[in-house]
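# Geometric and topological summary
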Amino acid sequence: MAGRYEIRFSGAGGQGLILAGVIMAEAASIYEGIQAVQSQSYGPEARGGASKSEVIISENPIDYPKVTKCDALLALTQEACDKYSHDLKEGGVLLIDSDLIHREPQGNFKVTKFNITNTAKNEIGREIVTNIVALGAMVALTGVVSKENAEKAVLARVPEAFLELNKKAFNLGYEKAMAAKK
Amino acid sequence: MAKKVAFMQGNEAAAHGALYAGCKFFAGYPITPSTEVAEVMSAELPKVGGKFIQMEDEIGAMSAVIGAALTGAKALTSTSGPGLSLKQEIIGYGCITEVPCVIVNVMRGGPSTGMPTGPSQSDVMCAKWGTHGDHPAICLVPASVQELFEETIRAFNLAEKYRTPVMIMPDEIVGHMRERIVFPEPGEIEVINRTTPSVSPEQYKPYDTKFGDVPPLAAFGSDYRFHVTGLNKMEDGFPTTKASIVQAEEERQVRKVEANADDIIKYEEYMLDDAEVVVVAFGSTSRSARFAVNEARKQGIKAGLFRLITFWPFPEKQILALSKKVKAFITPEMNLGMCTEVVKGCVAGNAPVHGIFRVDGEPINPDQIVDKMKEVK
């Protein structure tokens, strides 16, 4: 990987996007042994409102901790998609929830879409793991950290009783993204 | 043995820095974006025999910190803008009574409630002039998670060494972002403890200048009994209005920091050797500036960065020296020109100072700085 790779997880407050970003960054920083910085931006409300979590990954020390030209964007809500897609670079990765986003940003992007939230809700049975389904998909689409290291980072973050649930969510997200990828 | 490594938030690192420095007391009142400092202290202090108190408000919290510190404990509080405003009267009390303690203030938008989750750098003047009256001011402005950890240790060291409250002010970005941190072993980073009296309790005076500008401090409540007041005081701690004593004491309290500015001031120079356009920046903005300097160099602009790690005392003589050999300064900051005004004062007209100010809750991005460099080079 040459230089910076910039990832943004966006959606609504309460969807666990900050945690998704943290796990992605931990996979890079702790398990891959490269550099990562995670930062976030959210409104004063505890739930709702557009929320984003940004991760910069690089083999070199990272100075500016925020996105400059976004390499990969996850959008789980229309509001977040509208608000945070402006700096997605040409040819960048865009992952959107196909059930919730009906207006896609215009541009030359590598768009992947599937029913992320409903996958968590109906196939895993817990909407709360939407962020982990999305994380699995982003790992598949970006390729900046290995699937194995990302899974280790997920499992290191969740309580023991929920290990299987999260493992399943992560892997299903990964597989669905691979299948939906153009 | 391999060192302990973690991927950690800035605020959490500040708390761990305090624990490394030997902090045994925390009193605070939660406020975004500083609450994680209190969270970690509440979990960790009981494990090391310390005490954590969530007080009724910020005034009570600051008062409890002064009280605990007087008894000999290293004490910490954490807050953000509105809380810092409330603490100011008691911070002044800490300055005049010369009580070592540390205040972590994570900067968010202001004034008043402002923008609770938005980053800002608009409290740096409050660190010097927030409480009324002449008083010493030490304020540190780290730029990374590792540095926030290490500078919190240094904040305690400076508080103990100079017997005064010390502020450490990460902006919200530095406080909330997560990075890899490598923990030093115990003993690897120097930890300074206050000088305690070498005389007997009967001979002890809490502001005895025969021991220098920083008099030894006994633990309040021990055999050493002394008077503590916010009034101007004599060397035995009792109030006085005698002009010569008040004048001398006020001057000493400021001098103990100002005369030791070289010991307290810390900064980083980046690509300054041949620089014509120099960015003076601190906190997360200095990371944008470093990115911008690298970009500008690729475009043939001789750019450099002077990164403040200590904000107060301000590195006046370093900036003055630079001003004699550069074409222009750029001062990006997430406020409407606080650092810029100080830099202008240091530069004394030797070079123009161009501010870039943002108070919209967004960081100053590197492009803004590069554009300004092109404009002024």
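Residues numbered from 1 in each chain as written. Chains lettered and ligands numbered in written order. Predicted model: local features only at pLDDT ≥ 70, side-chain atom pairs only at ≥ 80, totals over all residues. Heavy atoms only, no water.

## Looking at the overall build of chain A
Along the backbone of chain A there are six helices and six strands. Counted from the first residue to the last, chain A has its helices and strands arranged as β-α-β-β-β-α-β-β-α-α-α-α. Taken over the C-alpha trace, chain A has a radius of gyration of 15 Å; the compact-globule value for 182 residues is 16 Å, and the two agree within 12%. Considering only C-alpha atoms, chain A reaches an extent of 40 × 35 × 35 Å along its principal axes. Across the 182 residues in chain A, those meeting the buried criterion constitute 58%. Working note: accessible area of chain A is about 7600 Å², and carbon and sulfur atoms make up 49% of it. Between the averaged position of the 21 positive side-chain charges in chain A and that of its 22 negative side-chain charges there is a distance of 2 Å. (Helix = DSSP H or I, 4+ residues; strand = E, 2+ residues; numbered from the N terminus. Rg over C-alpha atoms; globule rule 2.2 N^0.38 Å. Buried < 20%, exposed > 50% of the residue type's maximum accessible area, 1.4 Å probe, protein only. Areas by Shrake-Rupley, 256 points an atom, 1.4 Å probe, with all protein chains shown as cover. Lys, Arg positive; Asp, Glu negative; His and termini not counted. Charge placed at Lys NZ, Arg CZ, Asp CG, Glu CD.)

## Notes on the overall build of chain B
Assigned secondary structure in chain B consists of 13 helices and 14 strands. Taken over C-alpha atoms, the radius of gyration comes to 21 Å for chain B, in line with the 21 Å a tight globule of 377 residues would show. Summarising its shape, the C-alpha atoms of chain B cover approximately 70 × 50 × 45 Å along the three principal directions. Buried residues in chain B amount to 59% of all 377 residues. Long-range contacts, defined as pairs at least 24 residues apart, comprise 77% of the intrachain contacts of chain B with a sequence gap of at least 6. A total of about 14500 Å² of accessible surface is found on chain B, and carbon and sulfur atoms cover 52% of it. (Contact = heavy atoms within 4.5 Å.)

## Topic: the sheet that holds strand β11 (residues 303–308) of chain B
Residues and elements named next belong to chain B. An order of β9-β11-β10-β13-β14 is seen for the five strands of this open sheet, with the pairing classed as mixed. Looking at the sheet topology across the chains shown, the edges are occupied by β9 (267–270) and β14 (353–357). Here the average twist between neighbouring strands, direction ignored, is 20 degrees. Relative to β11, β9 runs antiparallel, the two sharing four bridges. Looking across to β11, one finds that Tyr-267 is bridged to Leu-308. (Pairing = 2+ DSSP bridges. Axes fitted to C-alpha atoms, helices over the stretch in contact; angles between N-to-C directions.)

## Notes on the domain arrangement of chain B
Partitioning chain B into domains gives domain 1 (5–182), domain 2 (209–262) and domain 3 (268–376). A straight line from the C-alpha centre of domain 2 of chain B to that of domain 3 of chain B covers 38 Å. (Domains from an automatic or database assignment.)

## Notes on the side chain of Thr-77 of chain B
Residues and elements named next belong to chain B. Note on placement: Thr-77 falls in strand β4 (residues 75–79). Side-chain polar atoms of Thr-77 contact the backbone oxygen of Ala-27, separated by 2.7 Å. Only 3.0 Å separates the side chain of Thr-77 from the side chain of Lys-87, close enough to count as a polar contact. Leave out the neighbours within four places in its chain, and Thr-77 touches Phe-26, Ala-27, Gly-28, Ala-61, Met-62, Val-65, Lys-87, Val-102, Ile-103 and Val-104. (Polar contact = N/O pair within 3.5 Å; in protein donor to acceptor, adjacent residues only side chain to side chain.)

## Regarding the environment of Cys-23 of chain B
All names here are of chain B. Residue placement: Cys-23 occurs in the loop between α1 (10–20) and β2 (25–28). With relative accessibility at 1%, the residue Cys-23 sits in the buried group. Each C-alpha atom of the pair Cys-23 and Ile-153 lies 9.4 Å from the other, and the pair is 130 residues apart in sequence. Beyond its immediate chain neighbours, meaning those up to four positions away, Cys-23 contacts Ala-18, Met-41, Leu-45, Lys-74, Ala-75, Leu-76 and Phe-156.

## Quick notes on the packing of helix α5 (residues 147–157) of chain A against helix α6 (residues 163–180) of chain A
All names here are of chain A. With their axes 10 Å apart at the nearest point, α5 and α6 run at an angle of 150 degrees to one another. Regarding the angle of α5 to α6, the classification is roughly antiparallel. Considering only the axes of α5 and α6, their crossing is right-handed. Here Lys-147, Ala-150, Glu-151, Val-154 and Leu-155 of α5 come into contact with α6, specifically with Leu-163, Asn-166, Lys-167, Phe-170, Asn-171 and Tyr-174. Grouping the amino acids of the contact of α5 with α6 by side-chain chemistry returns six nonpolar, two polar and three charged. (Parallel < 35°, antiparallel > 145°, perpendicular 65-115°, else oblique. Left-handed = near helix turned anticlockwise from the far one by under 90°. Nonpolar A, V, L, I, M, F, W, Y, C, P; charged D, E, K, R; others polar.)

## Description of the interface of chain A and chain B
Facing 22 residues of chain A, the contacting portion of chain B comprises 23 residues. For the pairing of chain A and chain B, the buried interface totals around 1700 Å² over both sides, and the portion due to carbon and sulfur atoms is 59%. The largest per-residue losses of area from chain A upon contact with chain B belong to Tyr-42, Asp-63 and Tyr-64 of chain A, which jointly make up 33% of the total buried on that side. For the pair chain A and chain B, the number of links is zero salt bridges. Counting every contact that joins chain A to chain B gives four residue pairs in polar contact (both at pLDDT 80 or more). Where the side of chain A that touches chain B is concerned, the elements lending two or more residues are α1 (17–32) and β2 (35–41) of chain A. (Buried area = accessible area lost by both parts, 1.4 Å probe. Salt bridge = Lys/Arg side-chain N within 4 Å of Asp/Glu carboxyl O.)

## Focus: the packing of helix α4 (residues 130–142) of chain A against α6 of chain A
Residue and element names in this part refer to chain A. At their nearest, the axes of α4 and α6 sit 7 Å apart, and the two run at 45 degrees to each other. As summarised for this structure, α4 and α6 are arranged oblique, according to the angle between their axes. For the element pair α4 and α6, the recorded crossing hand is right-handed. Residue-level inspection shows Ile-132, Val-133, Leu-135, Gly-136, Ala-137, Val-139, Ala-140 and Leu-141 of α4 in contact with α6, the latter providing Asn-166, Ala-169, Phe-170, Gly-173, Tyr-174, Ala-177 and Met-178. Here the contact of α4 with α6 is built from residues that sort into twelve nonpolar, three polar and no charged.

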